[in-house]
2 protein chains.
Amino acid sequence: MSPGRATTRPVVVAPPHRPRPRVVIVGSGFGGLNAALGLVGAPVEVTVVDRDNYHGFWPLLYQVATAGLGPDDIAHPVRAIFAGHQNITVRLGLVTSVDVDERHVELDHGELLPYDYLILAVGSSTSDFGIPGVFEHAFPLKSLPEAVRLRNHILTVFERADADRSAIPDGLLTIVLAGGGPTGVEMAGALSELIGTNLALDFRHLDVTSARVVLVEATDHLLGGFSERSQHEALTTLRNKGVEVLLNAPLAKVTEHGVTLADGREITTRTVVWTAGVRANPLADLLPGEKRRNGTVVVLPDLSLPGHPEVFAIGDLAGSVDKRENALPQLAQVAIQGGRHAARAVRSRLAGKATRTFRYHDHGIMATIGRQSAVAELPGGLTLRGSLGWMAWLAVHLVFLVGFRNRLVVLVNWAWNYVTWDRASRVILDDIHRV
Amino acid sequence: MSPGRATTRPVVVAPPHRPRPRVVIVGSGFGGLNAALGLVGAPVEVTVVDRDNYHGFWPLLYQVATAGLGPDDIAHPVRAIFAGHQNITVRLGLVTSVDVDERHVELDHGELLPYDYLILAVGSSTSDFGIPGVFEHAFPLKSLPEAVRLRNHILTVFERADADRSAIPDGLLTIVLAGGGPTGVEMAGALSELIGTNLALDFRHLDVTSARVVLVEATDHLLGGFSERSQHEALTTLRNKGVEVLLNAPLAKVTEHGVTLADGREITTRTVVWTAGVRANPLADLLPGEKRRNGTVVVLPDLSLPGHPEVFAIGDLAGSVDKRENALPQLAQVAIQGGRHAARAVRSRLAGKATRTFRYHDHGIMATIGRQSAVAELPGGLTLRGSLGWMAWLAVHLVFLVGFRNRLVVLVNWAWNYVTWDRASRVILDDIHRV
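Residues numbered from 1 in each chain as written. Chains lettered and ligands numbered in written order. Predicted model: local features only at pLDDT ≥ 70, side-chain atom pairs only at ≥ 80, totals over all residues.

S.K.: What exactly am I supposed to notice about the overall build of chain A here?
M.R.: What chain A contains, in helices and strands, is 10 helices and 24 strands. In terms of overall dimensions, chain A is globule-like: its C-alpha atoms have a radius of gyration of 25 Å, near the 22 Å expected for 435 residues. The 435 residues of chain A split such that 50% are buried. (Helix = DSSP H or I, 4+ residues; strand = E, 2+ residues; numbered from the N terminus. Rg over C-alpha atoms; globule rule 2.2 N^0.38 Å. Buried ≥ 20, exposed ≤ 12 C-beta atoms within 10 Å, placed from the backbone.)

S.K.: Can you walk me through the sheet that holds strand β24 (residues 383-384) of chain B in this structure?
M.R.: In sheet architecture, strand pairing relies on hydrogen bonds along the backbone and comes in two forms, parallel and antiparallel. Residues and elements named next belong to chain B. Reading across from one edge, β22-β23-β24 is the order of the 3 strands in this open sheet, with antiparallel pairing throughout. At either margin of the open sheet sits one strand with a lone partner, and together these are β22 (365-370) and β24. In this sheet, β24 lies alongside strand β23 (residues 373-377) in antiparallel orientation, the contact comprising 2 bridges. Bridge assignment links Glu377 to a residue of β24, and that residue is Thr383. Running over the sheet, helix α9 (residues 386-400) touches β22, β23 and β24 and is turned about 75° from β23. (Pairing = 2+ DSSP bridges. Contact = placed C-beta atoms within 7 Å. Axes fitted to C-alpha atoms, helices over the stretch in contact; angles between N-to-C directions.)

S.K.: Explain the interface of chain A and chain B to me, please; I cannot follow it from the model alone.
M.R.: Taken residue by residue, the interface counts 49 residues in chain A and 49 residues in chain B. Mapped onto the side of chain A that touches chain B, the elements with two or more residues apiece are β4 (75-77), α3 (78-82), β5 (88-92), α5 (144-163), α6 (182-202) and α10 (404-420) of chain A. Partitioning the side of chain A that touches chain B into residue classes produces 23 nonpolar, 11 polar and 15 charged. (Nonpolar A, V, L, I, M, F, W, Y, C, P; charged D, E, K, R; others polar.)

S.K.: Teacher, can you tell me more about the relation of the copies chain A and chain B here?
M.R.: Here two copies of a chain appear, and what relates them is a rotation about an axis with a shift along it. Overlaying chain A with chain B gives an RMSD of 0.0 Å, the required rotation being 180° about an axis along which the chain moves by 0.0 Å. Taken together, these values place the two copies in the relation of a two-fold axis. No C-alpha of chain A lies nearer the rotation axis than that of A:Val409, which sits 3.0 Å from it. A share of 100% of interface residues in chain A that are also interface residues in chain B marks the association as one of identical surfaces. (Least-squares fit on C-alpha atoms with pLDDT ≥ 70 in both.)

S.K.: Would you take a moment to explain the pairing of strand β6 (residues 95-99) of chain A for this structure?
M.R.: On any regular strand, side chains alternate: one points to one face of the sheet, the next to the other face. All names here are of chain A. Here β6 pairs with strand β7 (residues 104-107) via 4 bridges, running antiparallel. Residue pairing for β7: Ser97 is matched across the bridge by Glu106. Between the end of β6 and the start of β7, which pair antiparallel, lie 4 residues, with Arg103 showing a positive phi angle near 60°.

S.K.: I would appreciate a short explanation of α6(A) in the present structure.
M.R.: Three- or four-residue spacings in an α-helix give side chains the same orientation, since the helix completes a turn every 3.6 residues. Residue and element names in this part refer to chain A. Here α6 spans 28 Å end to end across 21 residues, near enough to the 30 Å set by a 1.5 Å rise per residue. At Ile195, α6 shows its maximal bend, which comes to roughly 35°. Burial analysis of α6 places 17 of its 21 residues in the buried class, which makes it a mostly covered element. (Expected span 1.5 Å × (residues − 1). Bend = angle between axes of the 7 residues up to and from the residue.)

S.K.: When you look at the environment of B:His232 in this model, what are you seeing that I'm missing?
M.R.: Residue and element names in this part refer to chain B. For His232, the location among the structural elements is in helix α7 (residues 228-240). Given 15 C-beta atoms within a 10 Å radius, His232 is considered partly exposed. Residues His232 and Leu222 lie 10 residues apart in sequence; the distance between their C-alpha atoms is 7.8 Å.

S.K.: Explain the domain arrangement of chain A to me, please; I cannot follow it from the model alone.
M.R.: A common way to state how big an interface is: give the accessible area lost once the parts meet. Residue and element names in this part refer to chain A. Domain annotation of chain A identifies domain 1 (22-126 + 279-350), domain 2 (128-276) and domain 3 (364-420). Domain 1 and domain 3 are separated by 26 Å when their C-alpha centres are compared. Contacts between the two partners involve 10 residues from domain 1 and, on the opposite side, 10 residues from domain 3. (Domains from an automatic or database assignment.)

S.K.: What is the right way to look at helix α8 (residues 332-350) of chain B in this model?
M.R.: Residue and element names in this part refer to chain B. Its 19 residues place the ends of α8 27 Å apart at the C-alpha level, agreeing with the 27 Å of an ideal helix rising 1.5 Å per residue. Every buried residue of α8 is listed here: Ala332, Val334, Ala335, Ile336, Gln337, Gly338, Gly339, His341, Ala342, Ala343, Ala345 and Val346. Residues of α8 that are buried make contact with β1 (22-26), α1 (30-37), β9 (117-120) and β21 (308-313). Positive backbone phi, at 75°, marks Gly352, one or two positions downstream of α8.

S.K.: Is there a simple way to think about the confidence of the model for chain A in this case?
M.R.: The predicted coordinates of low-pLDDT regions are not to be read in fine detail. Mean pLDDT over chain A: 89, with 95% of residues reaching 70 or higher. Scoring of the predicted complex yields 0.90 for pTM and 0.88 for ipTM. (pLDDT = per-residue confidence, 0-100.)

S.K.: How should the environment of B:Ala218 be read in this particular structure?
M.R.: Residue and element names in this part refer to chain B. Structurally, the position occupied by Ala218 is in the loop between β13 (212-216) and α7. Residue classification places Ala218 among the partly exposed residues on the basis of 18 C-beta atoms within 10 Å. Along the primary structure Ala218 and Ile74 are separated by 144 residues, whereas in three dimensions their C-alpha atoms are 30 Å apart. Apart from residues lying up to four places away in sequence, Ala218 is in contact with Ala249 and Pro250.

S.K.: Can you help me understand the packing of helix α1 (residues 30-37) of chain A against helix α8 (residues 332-350) of chain A in this one?
M.R.: Helix-helix packing is characterised by the crossing angle of the two axes and by the distance between the axes. Residue and element names in this part refer to chain A. Between α1 and α8, whose axes approach to 7 Å, the crossing angle comes to 30°. By the criterion of interaxial angle, the relationship of α1 to α8 is roughly parallel. Helix-helix and strand crossings are classified by hand; for α1 and α8 the assignment is right-handed. Listed contacts from α8 to Phe30, Gly31, Gly32, Leu33, Asn34 and Ala35 of α1 are Ala332, Ala335, Ile336, Gly338, Gly339, Arg340, Ala342 and Ala343. The class makeup of the residues in the contact of α1 with α8 is 8 nonpolar, 5 polar and 1 charged. (Parallel < 35°, antiparallel > 145°, perpendicular 65-115°, else oblique. Left-handed = near helix turned anticlockwise from the far one by under 90°.)

S.K.: Where do I start with the sheet that holds strand β8 (residues 112-114) of chain B in this structure?
M.R.: Residue and element names in this part refer to chain B. In space, the 3 strands of this open sheet follow the order β6-β7-β8, with antiparallel pairing throughout. If you trace the sheet from one side to the other, it starts and ends with β6 (95-99) and β8, each paired once. The average angle at which neighbouring strand axes cross in this sheet is 20°, direction not considered.

S.K.: Is there a simple way to think about the pairing of β9(B) in this case?
M.R.: Residue and element names in this part refer to chain B. On β9, burial covers both faces: Tyr117 and Ile119 on one face and Leu118 and Leu120 on the other are all buried. Here β1 runs beside β9; their pairing, made up of 4 bridges, is parallel. Paired with Val24 across the bridge in β9 is Leu118. Across 3 bridges, the pairing between β9 and β21 is parallel. Paired with Leu118 across the two strands is Val311, which belongs to β21.

S.K.: Which parts of the structure should I look at to understand the environment of B:Ala327?
M.R.: All names here are of chain B. Within the secondary structure, Ala327 is located in the loop between β21 and α8. Since 14 C-beta atoms lie within 10 Å of it, Ala327 is described here as partly exposed. Sequence separation of Ala327 and Ser230 is 97 residues, and the distance between their C-alpha atoms is 22 Å. With sequence-adjacent residues up to four places away left out, Ala327 is seen in contact with Gly319 and Val321.

Below is the structure:
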């Protein structure tokens, strides 16, 4: 205002409008969920974006695939989780591009979401490791629809075999599980129980002992990352359950009619479950900067993107490393702790403070091998096996399952399965047979 | 043996091999299930054929469509039901032809099932009543996949509206229910609650009061077959819940963009749920003999097909009539009692006795209109309304739900929904958003 001009009324100077910083979190798995929960009440506007409207409890996905739980039991609506939190908004959509210079992400329906901070927690996706036929002929097991599709397929091959036994010698009742990690081991244990108990009763005119569950693993051990004793226990337990475990058996190819191993052996089957290969979600390719061979994004010690302190990548998407520069395992706990860390880092930035180095606290690893049998390796060398490991596994999985109602229903289903040996969800939920 | 020839060893004459009569039951709904259970232990070999591997509890299908229950909660594997019964076999398949002269049915996978007795219990299917666009643009609600698809769609339109409010004036949040029978009334009540409570919380940036639930009915009353007082109660209760009920409003057509009523009024919407029309399952067309206008098979008083005393048609497939020649309603109880009757008739035939006339015992009719509100009309003029009707409805539906585990899980879900107003199954279970 020039000194020569007079004002007749007092000038009301509004405080400069400073909109609250926008945080976009992509993914509502363990990482994204915990990042968002860590920002509840913070002076930011958070938008959680996911291509699904639910938080899936993936450690129990194999239970859906083997008819132990229904699909809804392990899914909890994301909006329900955040309904009470005023600063958190949810958006359904698939991120199709990330512009780290303009600072916005674009969604498949065309919407642009600008951000001041971006937390990427989109997890991993299936990799075929370059093996021909995996994407065309094998069943992946990374999502709820995939688990339902696999359940439908397994139940349907038994129905087909019951109607026409001549197809059994062609491997109709052979299920090949590719990959001896926790998912492969858990699937193998649950499948052998599903077949040996429920399906044996369901299909009493069918000789279900002719059904085969074959677990093929490229290395000389199951459960990479576990102790040798646990690996041995998993091997022995599965073999006692009738699972054929082939070690040192890398796959060469998957076809419509079966699999061929690298040494030339062939297994005739119509059912190959691919649990072997994961790589970072393809979203990683939309980001600038270095990627590792498995597609994971190389991040700084505080989980931010080099050159972009406002962008964080966590969980399976990030190639986080521990103090000794070893890559962290693809575990729920890594994602959970990464999410909490990213939320703290955003709060630090907002307060003008430096971010800290992400330190992963090992809470142990566990895998179930079937009814009343699991291995749980806790920090400090404590290992629980057999029934004790199984009870620890049950307890931990119930506690981390989001949603009290889900916990209760899962507990009812588990108790029911346990007492009756029944797997009551063996329902073929699809349209194949409809007119 | 001629007298001139001698035998050196005694001739063992085997008793003539008389294979047990074969009973084929098509359909594992209320009718087929009860027909099969009525033949447990009878001197027959029973094969139950269904295109699905589960018995669906259809009275609760609207709960799946409105996210109150998961799909697995109302489905029970048919094989599990009959696992303990040695004379009952289950076959998954769709019947593609019935040869009443050669006495066999053919399944879609080519298998021929010969029979001595045939019980047809395939229920009803959707009819468009000749209204253009119903099959192309409306959501039917007759099967589990259809209920899941409708749930996905309803939840998805709210997600779409949240991302782009400009589509709301084009009817994005308008749901038109065509047909004021029990299913339409139950859907209307449950939808208004889903929207008014859960979705209002889930989508707090969206003005869900702009969402409309419109129930259109061709006649001047809801709940045809109920007493006037119950019809009035349903109308008042729904209108109090904010449902727009249009009576005397027959549909003229359904398009991609909405519906047109016979009087020319148009309602813009992307969601038309068709609960108005049912007709007999198309299997009826494969049978000889007279059909009614709604496709039902005309049967003799003992439910057998004229000229084919070995073939029975029951439930929604059959045009059964009561003593006054009125068509029996399409109710679970009619199918249940018809199934039991058919089993008794087969036993009578086996014993060389005459079959009896089927007499339907009216156990009443009920429909829920939402939380704590239902009408139940029991025989003898006893009518329960409001909370009392609702409790009667809950009890009856739990008792008739097959499978103890299903009952327990459904009870947990209901109790959870009731106490928390939560409908925890609002999960979009499909592949639309996947890469």
